[in-house]
Amino acid sequence: MRNEAIEGGAAGSAIKGRVDAAVLDQLFYKARTHNAFLDRHVPDALLKEAVDITVQGPTSANQLPLRVVFVRSPEAKARLKDALAPGNVDKTMAAPVTAILAYDLKFFEHLPRLFPHADAKSWFSGNEAFAKVSAHTNGTLQAAYFILALRSLGLDAGPMTGFDSAKLDAEFFPDGQFKSNILVNIGYGDDEKLFPRSPRFQPEEIVTFA
């Protein structure tokens, strides 16, 4: 894990250089959503490392609402199956690992530890609607970090929102504190089974400067 190295980095506000093109390709330009994976084991240690990288990313008031369940065993996959949209069943059952990315509605209980320089817990405690929106927004932000963390470690990801969240939550989070958000199939992608890359916007189509 890299926590100590990250916090022990160079002090000051030196301007950082760009990462090289190969890094951008691995994370973005040549990275793909994978629907098929090679028959290759994904170590638990690598999955934990992806989570450790993920929690380094910024969230509002350091909320860190993301909670992760790695579904690997046939028994756990069977519990997940009924919640999946039909088009996501076969690829999820075949994936080496599926991550359930959820968010904790009671994330604010941890803020005295995670954000100790202000009484941030009081901002959310007793305000259920505000806490839910914040948990979902920041949990989704962390889901994006997680996909990039997987890619940075040489893994491939197949994120999905095609599932019945009520069924999934009843099976995996019956006490109601965690809410499912995104599923991510994880492994080493089979490039021979990729679809052609879909078009993207050009910056000029979606950017304005005010």
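Residues numbered from 1 in each chain as written. Predicted model: local features only at pLDDT ≥ 70, side-chain atom pairs only at ≥ 80, totals over all residues. Heavy atoms only, no water.

*Asks:* Can you lay out the UniProt feature "domain: Nitroreductase" (unreviewed entry) in the protein chain for me, pointing to particular residues and giving the numbers?
*Replies:* Here the UniProt feature "domain: Nitroreductase" (unreviewed entry) sits at residues 32-172. Summarising residues 32-172: 49% helix, 13% strand, and an end-to-end C-alpha distance of 28 Å. (UniProt positions renumbered as here; feature names shortened; annotations may be inferred. Helix = DSSP H or I, 4+ residues; strand = E, 2+ residues; numbered from the N terminus.)

*Asks:* Just give me the short version of the packing of helix α4 (residues 74-81) against helix α9 (residues 165-172), but keep the residues and values in it.
*Replies:* Direction vectors running N to C along α4 and α9 enclose 140°, while the axes themselves pass 9 Å from each other. The pairing of α4 with α9 is recorded here as oblique in orientation. Contacts between α4 and α9 involve Ala76, Arg79 and Leu80 from the former and Leu168, Glu171 and Phe172 from the latter. Here the contact of α4 with α9 is built from residues that sort into 4 nonpolar, no polar and 2 charged. (Axes fitted to C-alpha atoms, helices over the stretch in contact; angles between N-to-C directions. Parallel < 35°, antiparallel > 145°, perpendicular 65-115°, else oblique. Contact = heavy atoms within 4.5 Å. Nonpolar A, V, L, I, M, F, W, Y, C, P; charged D, E, K, R; others polar.)

*Asks:* Quick one: what's the story with unusual backbone geometry, residue by residue and with numbers?
*Replies:* Even without glycine at this site, Asn62 takes up a positive phi of about 55°. Tracing the sequence through the fold places Asn62 in the loop between α3 (44-54) and β1 (66-71). Even without a glycine there, the phi angle at Leu64 is positive, about 45°. Examined against the element boundaries, Leu64 turns out to sit in the loop between α3 and β1.

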